[in-house]
Amino acid sequence: MPELSKAYNPQEFEQEIYRRWEASGLFSPDKLPLARHRKPFTISMPPPNITGELHMGHAFQLTLEDVLARYHRMRGDAVLWLPGTDHAAIATQVVVERELRKEGVDRHALGREKFLEHVWKWKEKYGQQIVEQTKRMGASADWSRERFTMDEGLTLAVNTAFKRLYDDGLIYRGERITNWCTACQTTISDLEVDHEETPGKLWYIKYPLTDGSGHITVATTRPETMLGDTAVAVHPNDARFAGFTGKTVRLPIVDRDIPIITDARIDREFGTGAVKVTPAHDALDYDLGQTHHLPIIRVIDLDGKILPEAGVEFYGLPVLEARQRVLDKLRELGVIEKEEDYIHAVALCSRSKTVIEPLLSKQWFLKVKPLAAKAIRAVRSGKIHLVPDQFEKIYFQWMENIHDWNISRQIWWGHRLPVWYRTRNGKEEVKISATSPGSSWTQDHDTLDTWFSSGLWTFSTLGWPRRTSDLKRFHPTTVLFTAKDILFFWVARMIMFSMYFLDEVPFKTVYLHGLVLDEHGKKMSKSKGTGVDPLLMSDQYGTDALRMSLIIGNAPGQDFRLYEKKIEGYRNFANKLWNVARFILAHERPTKKMAPVTLADKWILSRLETVTAMATKYIEAFDFSGAGQALYDFVWHDFADWYLEASKIHPNAGVLYTTLDAVVRLLHPFMPFVTEAIWSSVRPNDMLMGSAWPKTISAWKKYTAEVKQFDGLRDTVGAMRNFRAHSGLPASAPCHYIPTVPYDDDALLRSLSGASVQPVSRLTVDSRYENILLGHVHFQVERVYLERYEAWRQKERAGLQQYIAGIKDKLANDRFVVHAPANLVDEERKKLAGAERRLLEL
RNA sequence: GGGCAAUUAGCUCAGUUGGUUAGAGCGUCUCGUUUACACCGAGAAGGUCGUAGGUCCGAAUCCUACAUUGCCCACCA
């Protein structure tokens with residue numbers, strides 16, 4: 001039997017234990033004993049981006065997943081926790097590009113093929129690193145099924161999905177205004193755009209009527225786009241502009257005559273009620289242009305600079321400079337009526353933080369409305385359950401207002417569109433194919449939005465489009481753990497795709513967790529140095545301590561703060577557990593024979609029964625914090641502080657081992673390393689990981705009544721203090737207690753009840769004192785102080801009596817009993833019973 | 001502009017369907033080195049539960065406003 005070393009030292013055994021787990025094959029559902037008879041339980045690991053290292057958010061998510069995976073494995077399920085990594089298209093390309101630039105290498109000089117070689121090298125390096133780090137967290141994932149979003153199989157899935165959507169008429173190519181990031185040199189989807197409130201100006205510009213009969217004033221935040229104006233629009237019912245319709249204005253600077261059009265989409269409240277229309281550089285303006293057949297004049301290029309069409313004097317200027325120049329020119333012309341301060345939501349690229357240019361370009365789009373309809377039903381019908389459920393509302397709201405999804409990107413790293421073109425007789429032909437359909441065809445240069453492949457993740461990783469046994473067995477997956485901020489990016493798309501391609505949900509439950517924040521509630525950031533490195537913490541305090549600190553004190557959907565002190569606290573707990581085990585192993589020989597003798601024996605078994613039931617219930621309800629907290633309290637404050645002390649006087653090896661065995665099993669999903677280490681010192685040929693979750697032993701429940709006395713004993717000191725406070729007794733008031741507990745060991749009683757309060761041997765007979773019984777303990781207190789206690793009690797009783805009378809009245813009323821819904825009547829009855837019970841207690 | 005969440009001790013958070021005296025950990029203070037553990041033990045101090053109303057015999061909990069903070073969504077140029 002390997003001895004437990006004197007101090008808890010996690011570095012000594014964590015890595016070794018993980019190797020043993022891996023070697024045991026228990027991570028794979030195929031290798032579990034009786035694998036075929038087990039119920040499948042699947043978690044798809046959200047694939048981390050290969051952009052870099054694991055951060056605390058990953059550690060957090062992995063811990064939650066691992067708790068549930070280990071718990072279900074112990075419950076006898078065929079657990080598949082499928083890990084992988086994500087190619088993270090733009091994110092990775094940007095990082096690798098930056099890396100190359102440091103070496104003086106430019107992506108374009110390198111060329112597509114060579115550049116992609118570099119990215120693959122990066123992927124090998126960081127992908128491997130992420131796997132190693134994931135293992136350090138104790139993740140019990142099935143590495144034999146590890147996937148990468150650009151694996152051959154997953155690429156096949158992507159191409160198949162694309163083709164089916166195209167054939168079904170849901171993917172189309174079209175020229176539209178999209179969000180163009182001038183830094184990333186690609187379009188991005190609406191979701192990748194952040195809106196930031198920025199103080200700016202609203203300029204009012206006078207556009208003179210061509211016929212010289214006056215002018216119309218438009219308001220704009222982007223005066224430089226006026227160079228591409230092709231109309232001015234007003235609301236059709238706007239009386240202010242009744243005489244203007246049909247006329248034209250002469251655009252200042254460019255001296256182009258443009259029409260005044262009317263359209264109901266114009267907001268009469270904004271600015272002057274008249275708006276300049278630039279179809280090439282604004283989404284609404286583009287729509288207006290389509291409706292009213294306006295010409296489209298591009299004035300800004302892909303680099304965010306002014307095109308020659310806008311006039312030689314502005315050619316080549318970046319947008320902001322052009323804005324100043326245009327304003328100067330307008331001022332010269334005296335057509336600026338006024339300018340106002342204006343706070344306005346500027347659209348930024350979420351990756352590069354550069355201002356988005358809405359530009360017209362030819363892109364690929366996915367019609368999502370039909371997909372969304374099914375996805376909405378999946379949640380509404382309860383086939384998918386979101387935890388916490390308030391997210392369902394947000395989900396519906398978003399899904400119901402969903403717009404077409406721009407899926408093409410002008411970057412190199414990613415799944416290249418399986419689209420081929422050739423020109424025949426001056427006509428362009430399009431073919432969807434994973435491989436080249438012939439030498440006359442050329443492939444589209446664009447790649448897919450990274451979330452397109454992620455959307456297929458739950459089933460592409462299981463072999464789809466082939467109908468593999470894994471797909472049949474493990475899909476739909478059971479639970480998805482993910483950050484609440486990617487509900488739309490990822491979760492919604494997975495639901496849409498799974499419903500569309502498989503006609504089944506991708507998962508039954510989605511657990512949405514919050515962000516891990518630092519001590520001050522700020523987002524952890526590596527660049528600002530405010531982050532806490534999970535691996536560093538794991539080195540210093542042990543992975544188990546880190547895991548506990550991530551589990552406890554945190555509710556689903558809620559951000560939470562992590563700080564080193566907290567982790568240290570759970571290191572202390574691991575140490576406590578370690579020493580509990582060491583103490584028991586040092587003093588008693590392991591035994592399976594178990595018979596409770598003393599009150600303390602029965603008490604700890606009864607508590608164990610309760611805490612087992614609680615932990616089970618909490619985990620099933622996804623309240624991992626509640627489960628962890630309950631176990632923590634039990635181990636430290638019941639088992640260690642009380643039972644171990646008591647057992648020094650009346651040792652009972654059977655009960656000690658039974659309890660230790662259960663504790664180690666119960667804590668294993670939370671603290672897998674330390675529990676496995678303790679276990680292996682007793683049963684070296686066995687694995688705790690593969691053992692069974694403790695059952696609740698109903699036989700122990702019957703002790704509950706008996707052990708109340710022990711509970712009472714334990715609470716005596718506290719009860720005393722509370723009684724003082726409640727009755728208004730000052731600390732100096734004489735107050736003694738006479739325990740009525742029939743406990744045979746006076747020494748134990750004294751040692752457990754604390755030194756500050758002494759039991760008195762007899763009830764004192766003195767007119768100043770009153771003897772009262774509170775629970776199982778006699779209190780002897782001065783009369784004066786009791787009056788306040790009595791007064792409070794009277795008030796409570798009176799209130800309750802009045803309440804009870806009220807309910808009785810109601811229940812006596814035939815109209816209520818006959819006509820009210822049954823559950824309402826039941827509720828009243830329940831209230832009545834509760835109130836009556838409380839009255840008796842008083 | 002719309003929506004969601006949070007507000008409880010100095011700090012980080014629990015507080016189950018309203019129910020006796022609002023809890024824990026950390027920190028602070030006092031005492032204690034009894035061989036499982038000083039990564040320990042026994043105690044103490046510390047809260048008008050964001051504000052103002054309301055419902056109720058009874059509110060941290062339910063309702064209404066407001067305030068503060070954070071997050072998400074959004075083609076008012």
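The notes below deal with the structure included here. (Residues numbered from 1 in each chain as written. Chains lettered and ligands numbered in written order. Predicted model: local features only at pLDDT ≥ 70, side-chain atom pairs only at ≥ 80, totals over all residues. Heavy atoms only, no water.)

Below, the discussion takes up the overall build of chain A. In terms of regular secondary structure, chain A is built from 27 helices and 28 strands. The buried share of chain A, reckoned over its 842 residues, is 53%. Long-range pairs, those at least 24 residues apart, make up 76% of the contacts in chain A between residues at least 6 apart in sequence. For chain A, the exposed area adds up to about 38800 Å²; of that, 51% sits on carbon and sulfur atoms. (Helix = DSSP H or I, 4+ residues; strand = E, 2+ residues; numbered from the N terminus. Buried < 20%, exposed > 50% of the residue type's maximum accessible area, 1.4 Å probe, protein only. Contact = heavy atoms within 4.5 Å. Areas by Shrake-Rupley, 256 points an atom, 1.4 Å probe, with all protein chains shown as cover.)

We now examine unusual backbone geometry. Residue P388 is bonded to the preceding V387 through a cis peptide linkage, with omega at -5 degrees. For the peptide bond that leads from H475 to P476, omega is -5 degrees, which places it in the cis range. Residue placement: P476 occurs in the loop between α13 (469–474) and β22 (477–483). Even without being a glycine, A88 presents a positive backbone phi close to 50 degrees. Here the phi dihedral of I253 falls at roughly 70 degrees; this positive angle occurs in a residue that is not glycine. In this fold, I253 is placed in the loop between β10 (248–251) and β11 (256–262).

Below, the discussion takes up the pairing of strand β19 (residues 427–432). In terms of strand pairing, strand β18 (residues 419–424) meets β19 through 6 bridges, oriented antiparallel. From the neighbouring strand, V419 faces β19, where its bridge partner is I432. (Pairing = 2+ DSSP bridges.)

One open sheet accounts for 4 strands, arranged β6-β5-β14-β16; its pairing is antiparallel. Both edges of this open sheet fall to β6 (186–188) and β16 (405–406), since each of them pairs with a single strand only. In this sheet, β16 lies alongside strand β14 (residues 356–366) in antiparallel orientation, the contact comprising 2 bridges. From the neighbouring strand, F365 faces β16, where its bridge partner is N406.

As a packed pair, helix α10 (residues 390–400) and helix α14 (residues 487–501) sit with axes 12 Å apart at the nearest point and diverge in direction by 75 degrees. What the angle tells us is that α10 and α14 run roughly perpendicular. Here α10 contributes F391, I394, Y395, W398 and M399 to the contact with α14, which in turn contributes L487, F488, A492, I495 and M496. The residue inventory of the contact of α10 with α14, partitioned by class, reads 10 nonpolar, no polar and no charged. (Axes fitted to C-alpha atoms, helices over the stretch in contact; angles between N-to-C directions. Parallel < 35°, antiparallel > 145°, perpendicular 65-115°, else oblique. Nonpolar A, V, L, I, M, F, W, Y, C, P; charged D, E, K, R; others polar.)

Attention now goes to the environment of G271. Within the secondary structure layout, G271 lies in the loop between β11 and β12 (274–277). Between the C-alpha atoms of G271 and A219, which are 52 residues apart in sequence, the distance is 5.4 Å. When neighbours within four sequence positions are excluded, G271 is seen to be in contact with Y204 and A219.

Glancing now at the sheet that holds strand β20 (residues 442–443). With antiparallel pairing, 3 strands are arranged side by side in an open sheet as β19-β18-β20. With partners counted over all chains shown, the strands left at the sheet margins are β19 and β20, one partner each. As defined by bridge partners, β18 adjoins β20 across 2 bridges and the pair is classed as antiparallel. Counted as the bridge partner of Y421 is T442 from β20.

A word on helix α9 (residues 369–380). Taking 1.5 Å per residue, 12 residues should reach 16 Å; α9 reaches 16 Å between its end C-alpha atoms and fits that length. Residues of α9 that are buried: L371, A372, A375, I376, A378 and V379. Here the buried residues of α9 occupy an arc of 155 degrees about the axis, which is enough to place them on one side. Seen from the buried face of α9, the exposed residues on the opposite side, beyond 90 degrees, are R377 and R380. Where α9 is buried, its residues meet α6 (152–167), β14, α10 and α14. (Expected span 1.5 Å × (residues − 1). Arc of directions from axis to C-beta.)

Here we take up the nonpolar core. The tendency in soluble globular proteins is for nonpolar side chains to be buried as a group. Of all hydrophobic cores here, the largest spans 103 residues; its most connected members are M56, L68, F573, F624, F639 and F670. Here this core takes 14 residues from helix α19 (residues 624–647), the largest share from any one element. Core analysis: the second largest hydrophobic core is formed by 61 residues, I171, I384, Y421 and F501 among them. (Core = buried A, V, L, I, M, F, W, Y, C linked by side-chain atoms within 4.5 Å.)

Examined against the element boundaries, H58 turns out to sit in helix α2 (residues 56–74). A relative accessible area of 18% places H58 in the buried class. In this structure H58 touches P48 and E53, once residues within four positions along its chain are discounted.

On to the pattern of salt bridges, then. Pairs can form between side chains of opposite charge whenever their charged atoms are close. In this structure the tally under the stated criterion is 41 salt bridges. As a salt-bridge pair, R380 and E400 come within 2.9 Å of each other at their nearest N and O atoms. In this pair, R380 is assigned in helix α9 and E400 in helix α10, connecting sequence segments 20 residues apart. Each member of the salt-bridge network shares a partner with another, and the members are D30, D142, R145 and D470. (Salt bridge = Lys/Arg side-chain N within 4 Å of Asp/Glu carboxyl O.)

By the alternation rule, side chains of strand β9 (residues 231–234) split into A231 and A233 and V232 and V234, which are all buried. Where β9 lies against β12, 4 bridges are found, and the strand directions are antiparallel. Note on β12: the bridge partner recorded for V234 is A274. In the sheet, β9 pairs with β11 via 3 bridges, with the strands oriented parallel. When the sheet's bridge partners are listed, A233 is paired in β11 with I261.

Glancing now at α14. Compared with an ideal rise of 1.5 Å per residue, which puts 15 residues at 21 Å, α14 spans 20 Å between its outermost C-alpha atoms and is within 8% of the ideal. Burial within α14 is extensive, with 14 of its 15 residues counted as buried.

Quick look at the packing of aromatic side chains now. Scanning the model with the defined rule gives 40 aromatic pairs in all. Consider the rings of F481 and F624, whose centres lie 6.2 Å apart with planes at 40 degrees: the pair is tilted. Of the two residues, F481 is situated in strand β22 and F624 in helix α19; the sequence distance between them amounts to 143 residues. A ring pair is formed by F634 and F639, whose centres lie 6.4 Å apart and whose planes are at 5 degrees; its orientation type is stacked. (Phe/Tyr/Trp six-rings, centres within 6.5 Å; stacked < 30°, edge-to-face > 60°.)

Attention now moves to the environment of D303. Mapped onto the fold, D303 is located in the loop between α7 (283–292) and α8 (319–333). On the basis of relative accessibility, which here comes to 46%, the residue D303 falls in the partly exposed class. Distance from D303 to C184, taken between C-alpha atoms, is 9.9 Å for residues 119 residues apart in sequence. Once residues lying within four places of it in the same chain are set aside, the contact partners of D303 are T182 and Q185. A polar contact of 3.2 Å, which involves the side chain of D303, links it to the side chain of Q185. (Polar contact = N/O pair within 3.5 Å; in protein donor to acceptor, adjacent residues only side chain to side chain.)

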